[in-house]
Amino acid sequence: MTHKNPIILLVEDNADDVELTRRAFEKANLLNELVVARNGQEALDYLFASGAHAGRDPDDLPHLVLLDLKLPLVDGFEVLRRIRCDNKTKRLPVVILTSSREDRDILDSYDYGANSYLRKPVDFAAFADAARQLGLYWLVLNEPAPRLRGSSRD
Amino acid sequence: MNGTVLIVDDSLTVRMDLAEAFEAAGFRPLLCATGREARDALGREPIALVMLDVVLPDADGVELLKEIRAKAQTSDVPILMLSTEAEVADRIRGLRTGADDYVGKPYDPVYVVARGRDLVRQHGGALPEEGTTVLVIDDSTTFRERLRAALEQTGYTAIVAPDGQEGLRLAATRRPNAIIVDGVMPGIDGSTVIRRIRLDAALRRLPCVLLTGSDDLGAEVRALDSGADAFVRKEADMQVILARLAAALRSAPTQRDEAAGIAGPTRVLAVDDSVTYLHEIAAVLRADGYDVVLAPSGEEAIDMLAVQPIDCILLDLLMPGLGGKETCRRIKALPTARDIPLIMLTALEDQAAMIEGLGTGADDYISKSSEFDVLRARVRAQIRRKHFEDENRRIREQLLRRELEAAEARAARELAETRAALVEELESKNRELEAFSYSVSHDLRAPLRSIDGFSQALLEDCAERLDDKGQSYLRRVRAAAQKMGELIDALLQLSRAGRAELRRERVDISAIARAIAIELQSSAPTRLAMFEIADQLFADADPRLVRIVLDNLLGNAWKFASTTGKAVIQFGATHVDGTPAYFVRDNGVGFSMAYVGKLFTPFQRLHSEAEFPGTGIGLATVRRIVERHGGRAWADSSVGSGATFFWTLPVSKPGSRS
């Protein structure tokens, strides 16, 4: 595994939100590569090197997944479920990043194995601050599971 | 089983006679000659039935009756009183004091036992086991006795009658389980006996077997025509008759007609000032199986009708005192007595008197000089008419009741269906609302994020190309977007307060209030404010909703006391009308009570946005939460001297806990 800047996979269908998230990370000086998936299926293709991403190295996984819940085609819960079901991806940190504050969504997210749940604030300053703290915690402070090539034989 | 009958009578003959009759019916007689003995016996053991004479050597029977009724353990025991017919006043007194029935002397022991059994059954008492009784009606002594022997050998109790008249009397008084009647008899023949039985409400379900001659080809048709359940040729083997009887008994309703017990025996009230004539009539009618009640005057007759159910009245036209016409008029004016057939009696063969008598409401008219047979026939006809009417009324009432029940059932079903439809509609509306709230929370906020975020981006990235005015406009755009975000959040909270499931538990309200106070203070560390929070206040409530209530009320207090030099914000509890009420009090700007009605309504604000920013939804949310807990919220204030908000959280009733 190369030691280039860890990749963040942002699963988000709203172009404005993608742009604002990118901007928030930049302002927080998190210069990671931000891979964007526009829907759940695209996210799964990227993670499991299938479909449009068939040629990709399946062991080259992102370090953090930022996942919206309301997505076209395959929704966020289904993406999360598939991530947790596969030995290769089951330990990936997944942070739910969404507009909803419904109890049901929060409970379901944790039940499906989300590591964290964040509600996108309207106030951009607040969002930028949240993105900064998020990146600092998950990409710097947090000790991720060791990566073993070929995976799942640990 | 306790089948003890207490027989209280001073006459040894009566005691022995009744004892024998009751013993034969399976009861255990207990004999007392005096009131004192009766009292002892009643205190000593449970009694199923009391036979009580009105005249006792040491006591008045009615007084003893009063005593028995007054004692808890004997207040419900059936009591049958005995007395000579002449003492009408005694009879009225006895029935008024609580006797269940009254039998005049001379009595028929068989009838007394049958009446006693009825009373015990009506009072829910257990009856001595009684075999199946079969009544045989045949004019041939030889055949009668042969059949009796065969029946008794098979295990039946047999009673016999030599003719139709006696047979009908025994059917009424002894209540057999089945009847075997000969088709050909002098007087009333078999078909007629069965037809009469079928007309009697109390006897109509009695299985009847008709015996017919050998070569009578129309016998079967006639037998079925009369209502017989079976017919057998008389020459047939005894075994065939017994088999037919068994089949008829099997297919008969197992339960005796309940109306029989309630209707009791057929009772005739005879009213005449001549005691001699009364006794003559009584003897004739008793022979026909009626129970006869006598009254020597119209006044006593009316008194009697108030306490004693009667099926037919014989009323003398010429009597001292009230007189026949006036008595008849009064009887026909009594709601409970006006349907009883009334036959007027008179010594006069007078057309005018007859018309006058019928004019007062009498149902029939007989001359006293007529043969008793005529009287008997008229009485029978009137009683049959009354039975028909009673029966019709009973059927009509039954039909009406059934119709009513059906209508009620239909209404209940419709109500249930309507309710189910409403509940379903409500649930569907709720689901719709939930989906709506969800998309509001999710989708309306996304554009606001773009407006705010890109406005900020413009301010940062293109600052040099924007003058102060342009930058100020952009800041206003951002402020508006954020305000709208807050409004959406407040609306969602209001909607959630209304629909979220109520999860009651013991909540430490003081702790929640303290936590909120700390948050508020730390949001403006330099602001001078004092929180006074009462300790140890608990409630049975949903902790998350209580938190929203206190967030809003303490947040308001904090906001509206911000212009005061030193804010003092209190949380505590008091008692209002006997129930605990919590309150949040501040020393802020307050409001005029003239507008208090608007306070808890969504989007109603008493201050301008510039003075005190807010959504106008917080207090509506507070009220909705408090009301969902079964409590109420109200406020007290005046301009410039702070405000106090009260609310109650009643303890949930057991079972309403979700």
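Here's what I pulled together on the structure shown here. (Residues numbered from 1 in each chain as written. Chains lettered and ligands numbered in written order. Predicted model: local features only at pLDDT ≥ 70, side-chain atom pairs only at ≥ 80, totals over all residues.)

Points about the overall build of chain A
1) Next: Looking only at helices and strands, chain A features five helices and five strands.
2) Next: Taken from N to C terminus, the helices and strands of chain A fall in the order β-α-β-α-β-α-β-α-β-α.
3) Next: Pairs at least 24 apart in sequence give 67% of the contacts found in chain A among residues at least 6 apart. (Helix = DSSP H or I, 4+ residues; strand = E, 2+ residues; numbered from the N terminus. Contact = placed C-beta atoms within 7 Å.)

A look at the pairing of strand S2 (residues 34-37) of chain A
Residues and elements named next belong to chain A.
1) Next: Bridge count between strand S1 (residues 8-11) and S2: four bridges; the pairing is parallel. Paired with leucine 9 across the two strands is valine 35, which belongs to S2.
2) Next: Once the chain exits S1 it traverses helix H1 (residues 15-27) before rejoining the sheet at S2, and the crossover so formed is right-handed. (Pairing = 2+ DSSP bridges. Right-handed = clockwise from strand over helix to strand, strands pointing away.)

Quick look at the packing of helix H13 (residues 298-307) of chain B against helix H14 (residues 324-333) of chain B
All names here are of chain B.
1) Next: Between H13 and H14, the least distance of the axes is 9 Å, while the angle of their chain directions is 15°. When the axis of H13 is compared with that of H14, the two are roughly parallel. For H13 against H14, the interelement crossing comes out right-handed. Note on element contacts: H14 touches H13 through Glu326, Thr327, Arg330 and Ile331, opposite Gly298, Ala301, Ile302 and Leu305. (Axes fitted to C-alpha atoms, helices over the stretch in contact; angles between N-to-C directions. Parallel < 35°, antiparallel > 145°, perpendicular 65-115°, else oblique. Left-handed = near helix turned anticlockwise from the far one by under 90°.)

A word on the sheet that holds strand S2 (residues 28-32) of chain B
Residue and element names in this part refer to chain B.
1) Next: Ordered in space as S2-S1-S3-S4-S5, the five strands form an open sheet in which the pairing is parallel. The open sheet has two free edges, formed respectively by S2 and strand S5 (101-105), since each of these has just one partner strand. Across the sheet, the mean angle separating the axes of adjacent strands is 20° when strand polarity is ignored.
2) Next: Pairing of strand S4 (residues 79-84) with S5 involves five bridges; the strand directions are parallel. Paired with methionine 81 across the strands is tyrosine 102, a residue of S5.
3) Next: Helix-sheet contacts for helix H1 (residues 12-24) involve strand S1 (4-8), S2 and strand S3 (49-53), and the interaxial angle to S2 is about 165°.
4) Next: Each of S3 and S4 touches helix H3 (residues 61-70); the most contacted strand, S3, lies at about 155° to it.

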